[in-house]
Amino acid sequence: MSEPRLLTPIPLWGRLGVRVAAALVVLGVISVGASLYVARLSVDYFDARLVESLEQSRQLTRDVEPVHRELIEAHITAFESRARLIALTLPALGTEPKPVLEAVFQREPDVRELGFRARTGRTYEVRRLVVDEDEQWQTYDVAVPLPAAEGEGDSAGELRVVFGIDPAIDRRYQALGQRQREIEAQRSDQSVVEEAVIEVVLVAGLLVLLVAIAAGVVVARATTRRATELSRAMARVAEGDLDVRAAAQGRDELASLARAFNLMLDELAQAQQRVAYLQRIGAWQGMARRIAHEIKNPLTPIQLAVQQLREKDPGLDPRFSAMLRTSVEIVEDEVEGLRRMVSSFSQFAKVPQVRLASEPLSRVLGEFERAYGHLGEDEGGELRVLVPDEDPEVMADRQLLKQALVNLVENAVLSAREVQPGGVKVEVSAKVDPEFVVVSVDDNGPGIPAEQRERVFEPYETSRKSGTGLGLAIVKKIVLDHGGEIWIDASPLGGARFVIRLRRAASA
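Residues numbered from 1 in each chain as written. Predicted model: local features only at pLDDT ≥ 70, side-chain atom pairs only at ≥ 80, totals over all residues. Heavy atoms only, no water.

Q: Can you walk me through the packing of aromatic side chains in this structure?
A: Centre-to-centre distance and the angle between the planes together describe a pair of aromatic rings. Overall, the coordinates contain three aromatic pairs when judged by the stated rule. With a centroid separation of 4.7 Å and 5° between ring planes, the pair formed by Phe-79 and Phe-163 is classed as stacked. Taken together, the residues span a long stretch of sequence, with Phe-79 in helix α1 (residues 16-89) and Phe-163 in strand β4 (residues 155-165) at a distance of 84 residues. In this structure, Phe-79 and Phe-163 share a single accessibility class: buried. Ring geometry for Phe-457 and Phe-498: centres 6.3 Å apart, planes at 90°, overall edge-to-face. With Phe-457 in the loop between β9 (436-443) and α8 (471-481) and Phe-498 in strand β11 (residues 496-503), this pair connects stretches of sequence that are 41 residues apart. In this structure, Phe-457 and Phe-498 share a single accessibility class: buried. One aromatic cluster in this structure is built from Phe-79, Tyr-140 and Phe-163. (Phe/Tyr/Trp six-rings, centres within 6.5 Å; stacked < 30°, edge-to-face > 60°. Helix = DSSP H or I, 4+ residues; strand = E, 2+ residues; numbered from the N terminus. Buried < 20%, exposed > 50% of the residue type's maximum accessible area, 1.4 Å probe, protein only.)

Q: Help me understand the pairing of strand β8 (residues 425-432) in this model?
A: A regular strand places its side chains on the two faces of the sheet in alternate fashion. Where strand β6 (residues 382-385) meets β8, four bridges bridge the pair, whose relative direction is parallel. Pairing of Leu-383 across the sheet is with Val-426, part of β8. Examined bridge by bridge, β8 and β9 share seven bridges and lie antiparallel to one another. Paired with Glu-427 across the two strands is Asp-442, which belongs to β9. From the end of β8 to the start of β9, which pair antiparallel, there are three residues. (Pairing = 2+ DSSP bridges.)

Q: I keep staring at the sheet that holds β11 and nothing clicks. Help me out?
A: Within a sheet, each strand pairs with its neighbour through backbone hydrogen bonds, oriented either parallel or antiparallel. Spatially, β6-β8-β9-β11-β10 is the arrangement adopted by the five strands of the open sheet, whose pairing is mixed. With partners counted over all chains shown, the strands left at the sheet margins are β6 and β10 (485-490), one partner each. In this sheet, neighbouring strand axes are inclined to one another by 15° on average, regardless of whether the strands run parallel or antiparallel. (Axes fitted to C-alpha atoms, helices over the stretch in contact; angles between N-to-C directions.)

Q: Would you mind going over the pattern of salt bridges with me for this structure?
A: One side chain can pair with another of opposite charge once the charged atoms of both are near each other. Inspection of every chain in the model, using the stated rule, returns 14 salt bridges. The residue Glu-367 makes a salt bridge to Arg-398 at a minimum N-O spacing of 2.9 Å. Remark: Arg-398 occurs in helix α7 (residues 398-419) and Glu-367 occurs in helix α6 (residues 361-372); sequence separation between them is 31 residues. Residue Glu-367 shares its accessibility class with Arg-398, and that shared class is buried. Taken together, the shared-partner salt bridges connect Glu-359, Arg-363, Glu-367, Arg-398 and Lys-402 into one network. (Salt bridge = Lys/Arg side-chain N within 4 Å of Asp/Glu carboxyl O.)

Q: Teacher, can you tell me more about empty space enclosed by the protein here?
A: Where empty space is left can be seen by rolling a probe of water-molecule size over the atoms. On inspection of all chains with the given rule, the structure shows one cavity of 30 Å³ or more. Roughly 60 Å³ of volume is contained in the largest cavity. Around the largest cavity sit Arg-226, Glu-229, Leu-230, Ala-246, Ala-247, Leu-254, Ala-255 and Ala-258, which together line it. Breaking the lining of the largest cavity down by element, the ones donating at least two residues are α3 (167-238) and α4 (253-311). (1 Å grid on protein atoms, 1.4 Å probe; cavity = no way out; pocket = protein on both sides within 12 Å on 5 of 7 lines; lining within 4 Å. Points joined across faces, edges and corners; volume = space filled by probe spheres on them.)

Here it is in structure tokens:
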């Protein structure tokens, strides 16, 4: 069969794969745009907060710097005043100023050096003996005149005092300068940070967009491939190919649709087979009706004619009389055989129409056992009818369903007797589930090969030597008219198992 074509071509935008991919791409673009917008808002917000914080820090450093200068100037003024005070309170140095200067060191801990230059030009300097080497002291020099004694002039010389400035003040000043430099560096780096944030968000958005496009293509191709396969399967079904099946992998809606489609095809194929079988049976019934009519009419004249021949024998020749009686017996036997065949044809041609009603299963099996239980008792046979504990009601024509069971039991008994004349066993049982009732007929006969199990239901197909091939065809027609199914399995008794499945009355 050639590849089916869709009735109308699908435009590009009408294809499901293109729509799915386009939808994912649009969602990706919207996501990227929203991410960039949020990033821009976030950057602007934090940028404003950062600028405000940096400006406040700069203003703070500008406000602190005059305070620091005023603090230094206050220290300088204090150093100069203290130097003049030291000069005023310093006793006459004389020729040995060292002890006097060292006494000053005892009183003034922040004095690092003292120097003396006399009016005569003689100089003398002394340093503090113990200096904290871990601290880098800044110094400030102050030179003040020494007061002279009475009658010696205006000045006795000059005193130089070197004060040490507390390193903590310088450290705070250096830290303030470092903070100012950091603030300026942060302001210069602000634009770089903004560009970096925007670049990162843009790259991440593009990656998301690429992933969305790739996912869209993959999902769309996977989805549309299965949808296309399902569409092609439908097109082939429209052309009459009921053997095609759609792939039903997965657990999504398409897989569920494919399974429902396959189930529909299975039911359609079964219905088609059912209709075809019933049509064939109808054709065979029409032919059987005509054959029975054509054969039945001349049988009676033939039988009357041979009887007259036998009665008109004058008896003059014993050999002729013996030959005549033998010929008459042969004709009568064949006529009786034709009558039985015509009776089978008539029975097959006149299977009544099914009239469904809700019937208890126990009533159908009980009446069958009472009326036809003798079918297995001849020649030591055994027939068992097992009624289930649950007694469901089935939609059935009670008389025709009993006839179907009779035909199955007769077929089982006759088939078993052809193999083993004695010890025939037939068992009729039933199983019940929520929707169906399954009736099984088992025997210990020769069984039916798997390759012949479908053909035995065709008219005039039989595995028995003396069978007409109509009994099982009648059974299947009755079952199909009930809306049920019948098939053959291997029996645990060793022979064949005929299985009839009918709907329960509640689920019909």
